[in-house]
Amino acid sequence: MSEQKIDGFELKPGFKGMASDTGSDQTMFKGVHWGKAMMWIFLLSDTFVFSCFLISYMKGRGSTIVDWPNTSEVFSLYVGGVPVPLLLIAIMTFVLITSSGTMALAVKYGYEKNRKMCGWLILATALGGLTFVGMQVFEWSKLIHEGVRPWGNPFGAAQFGSFFFMITGFHGFHVSIGVIFLFIYTYKVFAGHYESKKRGWFTKMKGDYVEIEILGLYWHFVDLVWVFIFAFFYLW
Amino acid sequence: MEETNKMEEPNKQEEQTSTQKIGIYLWIWGLLFVLSFFSYMVDWYQFQGMLRWSLILFFMFLKAGLIMAFFMHLFWERYALVNVLLWPMTAIACFIFLMNAEFQYTLFSRFFYFVVGGA
C-alpha cells in the first residue's frame, strides 16, 4: 500500500489525484516505493507474455479440425479404481491459493515489524510453492508416460502437447524462481536484515519490509496467472 | 532536496504503520477457496455449452479481481498507479478479438481445403 500522507504535499484522491500526480512534474507514483513500481511494470510485461501464450492457445485450439483432448479425462487421477476428474489440478489450485494467503499475511506482519511471524509465513509460502512444483513434476511425468509429446498425443489434436508443456512449463518456471526467492527472503527476514538496515538487492538503499510486499506482488501474480490457466486450459 | 528524498523513499523517514486488519485477508482467502471449489464443481457436474463457459469466466474474473484488489493491494493504491496498470489490458482484449477472427478464418480454410477438398 502506498503512503497516503507525504510531508509538504497534498494528495488528492481518485481521478483528480491521478491527474495531479501525473501532471506534477515530479515522481508520478507518489508514496510508492520505486522497487514496487518496477515490480508492477515487470508484472505488466509478464502479463503480456502469458496473454500471448493463452491467445496462441486459443488460436491453436480454435483452428484445429481434430477434436481437442477432453481435459477432465486426460488430467483425471484414479482413486480406488475410480477416475476423479482434474483431482491433481484442483489440489494444486488449492495449494497455490493457500500459499498466496500466507504470503498476504506475511506482508502484513512484515509491515507490523513482526519478524518471527513474517519469516514463518514466508517459509510456509515457500513450502507451498515447492509442493506445487512437485505436483507439477508428477503431472508432467505422468503425461509423458502416457505418450503426450509436443508434436502429438494419443488423446486428440496434436497441438495439445505443445501448448500444455509451454504454458504450464513457463508458469512452473515462474513458481520455481519464486520459491528460490522466497527461501532467500526467509533467510533475510530471520537473519534480521530489515532491522539491521542491511543493503537491499541490487541497490545501495537500505533494506526494508517493503521488499516483502514486492516479493508478495510477484507471488500473487503467479497465483493470478494460475487462475487463468486453470480456467482456460483445464476447465474450458 | 529534503522533499525529493522523501518522495522517493517514503518508508525511510517514517515508520510504516498503514496495514490492513487481518480479517480482510482471511475473508478474501476464504472467498478464493470457495470460488475455486465452485469452478471445480463446474467440471465435476460436467456443465456444457454457454453455461459452462460463462460460469468459468465468472469465477475466473471474480478470483482474479479479488487477488489483484486485496492481496496485491490495488484497492488501496493511488489511481495514478492503478490506471497505468489496467489500461494496457485493453490491448490484450483487442488482440483476443483479432485472433478470434483469425482462428475462425484458419478453421474455415482447413475445412475447405482438407475436408471439402477445395473448390
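Because the structure is a prediction, the values reported are computed rather than measured. Every residue gets a number counted from 1 within its own chain, in the order that chain's sequence is written. Chains carry letters and ligands carry numbers; both start at the beginning, A for chains and 1 for ligands, and go up in the order they are written. A pLDDT threshold of at least 70 governs which residues receive local features in this predicted model, and a stricter bar of 80 or more applies before side-chain atom pairs are shown or counted, although totals over entire chains, interfaces and linings include all residues.

J.: Describe the domain arrangement of chain A, naming the residues involved and giving the relevant values.
T.: These domain boundaries are the output of an automatic or database domain assignment. Split by domain assignment, chain A resolves into domain 1 (1–32) and domain 2 (35–235). A straight line from the C-alpha centre of domain 1 of chain A to that of domain 2 of chain A covers 33 Å.

J.: Please provide a residue-by-residue account of the interface of chain A and chain B, values included.
T.: Taken residue by residue, the interface counts 58 residues in chain A and 52 residues in chain B. Those elements that provide at least two residues to the side of chain A that touches chain B are helix H1 (14–22), helix H2 (34–63), helix H4 (87–111) and helix H7 (210–235) of chain A. Looking at which element gives the most residues to the side of chain A that touches chain B, the answer is H4 of chain A, with 10 residues. What counts as a contact is two residues whose backbone-derived C-beta atoms lie within 7 Å of each other. Helix numbering and strand numbering both begin at the N terminus, where a helix is a DSSP run of H or I of at least 4 residues and a strand a DSSP run of E of at least 2.

J.: Tell me about the environment of Met 28 of chain A, residues and numbers included.
T.: Examined against the element boundaries, Met 28 of chain A turns out to sit in the loop between H1 and H2. Since 16 C-beta atoms lie within 10 Å of it, Met 28 of chain A is described here as partly exposed. The spacing of Met 28 of chain A and Leu 96 of chain A is 68 residues in sequence and 33 Å in space, taken between C-alpha atoms. Apart from residues no more than four positions distant in its own chain, Met 28 of chain A is found in contact with Asp 21 and Thr 22 of chain A together with Ala 80 of chain B. With C-beta atoms placed from the backbone, a residue is buried if 20 or more other C-beta atoms are within 10 Å of its own, exposed if 12 or fewer are, and partly exposed between those counts.

J.: Please set out helix H3 (residues 22–44) of chain B residue by residue, giving values where relevant.
T.: In this model H3 of chain B runs 33 Å from its N-terminal to its C-terminal C-alpha over 23 residues, within 8% of the 33 Å that 1.5 Å per residue would give. Every buried residue of H3 of chain B is listed here: Trp 29, Leu 32, Ser 39, Tyr 40 and Asp 43 of chain B. Buried positions along H3 of chain B lie against helix H3 (71–74), H4 and H7 of chain A together with helix H4 (49–71) of chain B. The span you would expect from a helix comes to 1.5 Å times its residue count less one.

J.: Could you give an account of unusual backbone geometry, with specific residues and numbers?
T.: All names here are of chain B. In this structure, Gln 46 is a non-glycine residue whose phi angle is positive, near 50°. By the element assignment, Gln 46 lies in the loop between H3 and H4. You will see that His 73, though not glycine, has its phi angle at about 65°, which is positive. Note on placement: His 73 falls in the loop between H4 and helix H5 (79–86).

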